[in-house]
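# Architecture at a glance
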Amino acid sequence: MTAVCDPLQVVEADDIKEKCGLAFLHTSHCLGSGDVMISAMGDPEGNGKGGFVLLDAETFEVKGNWELDGQAAEFGYDFWYQPRHNVMISTEWGAPRVFGNGFRIEDVQAGHYGHRLHVWDWTKRTCIQSLDLGENGQVPLGIRFLHNPDSDQALMCCALSSSVLHVYKVEGGQWETEKVIQVRSKKVEGWILPEIPGFISDILISMDDRFVYFNNWLHGDVRQYDITDIRHPRMVGQVFIGGSIVKGGPVTVVEDNDLHDQPDPLFIKGRKVPGGPQMIQLSLDGKRLYVTTSLFSAWDKQFYPDMIRDGGVLLQIDVDTTDGGLTLNPDFLVDFGKEPHGPVLVHEPRYPGGDCTSDIWI
């Protein structure tokens, strides 16, 4: 894997392998020390390994591992740090050599996917607590602290269990979790399993810490919750963008506790939107939510083969920041199916200079 820093500087995979013993890099954050820290999902052979790479922010030299020797977690994915509480928390996806071949429920049962949350001492760079999330936390992916730097509250999405967990510090400095949102599965025919989960793969919190947003990549909706009371989120917005349960597709919903009918396929400016809502990014004023459709090419091919053929898209959702509410913008479409060398997939949108999933205050 090669990460391009700018047109003149390249961080080579072999350098990361030699200095860190890591590969399959994922989340990056800029540190107050002047370094860039990147989480890894595995070792160079594709086994699970949740370590962290440090780069010099000026030269992009690979400095080595952030964590102390022997401290890497079994799996890795996302992380967020809150220095005023001397803590960093990381999540897990699974073993790259396994999820890189597509999703199989047998691999979950065999222990190749994560279900733990890891709490790290920020200054000592050691893992001080690992929480087994059980059935409520299968495949924990995105973790977001409140932006208030004094806060010890976070929310985390768990993809396969389709749940959102509240992560918080308790007396004695330990950390605990509780489920605060559950997206119910739908009983279906014509899918790989008799029930289809929402599959929450991305989550973010608005800069004012009032709303949380997340996607259901398989069900096809994006949701907005008021988190003024973070232990009791209240849904105030929802919009459907494609998904696996649209009318006319191969999946028939036979029992649904939330919808009266399967949603219609989405067309924007005459273009049928392939896939489902995946990565999301919010403007700093909270009024525009951007969403893409590609999760991971092997999984895209498995669940949304039309997206491989037609390419992914970037869409805009207009946000009511007063009372809550989401409305799809019918005039905004970035079509990656029309690239000069053919259709491509599109994953994560980011804002230059910082955004709601990168800004951490110290």
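What counts and what doesn't
Residues numbered from 1 in each chain as written. Predicted model: local features only at pLDDT ≥ 70, side-chain atom pairs only at ≥ 80, totals over all residues. Heavy atoms only, no water. Pairing = 2+ DSSP bridges. Helix = DSSP H or I, 4+ residues; strand = E, 2+ residues; numbered from the N terminus. Axes fitted to C-alpha atoms, helices over the stretch in contact; angles between N-to-C directions. Polar contact = N/O pair within 3.5 Å; in protein donor to acceptor, adjacent residues only side chain to side chain. Contact = heavy atoms within 4.5 Å. Buried < 20%, exposed > 50% of the residue type's maximum accessible area, 1.4 Å probe, protein only. pLDDT = per-residue confidence, 0-100.

### Focus: the sheet that holds strand 19 (residues 221–226)
- Read across the open sheet, the four strands follow the order 17-18-19-20; overall the sheet is antiparallel. Lying at the two open borders of the sheet, with one neighbouring strand each, are strand 17 (203–205) and strand 20 (234–240). The mean angle between the axes of side-by-side strands here comes to 15°, regardless of whether they run parallel or antiparallel.
- As judged from the five bridges shared by strand 18 (residues 211–215) and strand 19, these two strands associate in the antiparallel manner. Within strand 19, the residue paired with Phe211 across the bridge is Asp226.

### What to know about the side chain of Asp78
- As for its position among the elements, Asp78 is in the loop between strand 6 (62–65) and strand 7 (79–82).
- Side-chain polar atoms of Asp78 contact the side chain of Thr27, separated by 2.8 Å.
- Among the polar contacts made by the side chain of Asp78, one reaches the side chain of Arg144 at a distance of 2.7 Å.
- If near-sequence neighbours (up to four positions away) are discounted, Asp78 is found in contact with Thr27, Ser39, Ile89, Ser90, Thr91, Leu141, Gly142, Ile143 and Arg144.

### Quick notes on the pairing of strand 19
- Burial within strand 19 is extensive, with six of its six residues counted as buried.
- Here strand 18 folds back onto strand 19, and the loop between the two strands holds five residues, one of which, Gly220, carries a positive phi near 105°.
- The sheet contact formed by strand 19 and strand 20 spans six bridges and is antiparallel. Bridging from a neighbouring strand, Val222 pairs with Val239 of strand 20.

### Re the environment of Gly100
- By secondary structure assignment, the location of Gly100 is in the loop between helix 2 (96–99) and helix 3 (105–109).
- Among the residues examined, Gly100 registers a relative accessible area of 30% and is labelled partly exposed.
- For the pair Gly100 and Val183, spaced 83 residues apart in sequence, the C-alpha separation works out to 26 Å.
- Beyond its immediate stretch of four places on either side in the chain, Gly100 contacts Phe296 and Ala298.

### Here's the deal with unusual backbone geometry
- With a phi angle near 55°, Phe24 is a residue other than glycine that sits in the positive phi range.
- Inspection of the secondary structure assignment puts Phe24 in strand 3 (residues 23–30).
- By relative accessible area, Phe24 is classed as partly exposed at 28%.
- A positive phi angle is found at Phe199, which is not glycine, with a value near 65°.
- Summarising the element assignment, Phe199 is placed in the loop between strand 16 (195–196) and strand 17.
- Judged by its relative accessible area of 5%, Phe199 falls in the buried class.

### Here we look at the sheet that holds strand 8 (residues 87–90)
- The four strands are arranged 7-8-9-10 in an open sheet whose pairing can be described as antiparallel. Each having just a single partner strand, strand 7 and strand 10 (126–132) make up the two edges of the open sheet. For this sheet, the mean angle separating the axes of adjacent strands, direction not counted, is 20°.

### Re the confidence of the model for the protein chain
- Residues at a pLDDT of 70 or more form 98% of the protein chain, whose mean pLDDT is 95.
- For residues 1–5, every residue scores under 50 in pLDDT, and the model assigns this stretch 13 contacts once sequence neighbours within four places are set aside.

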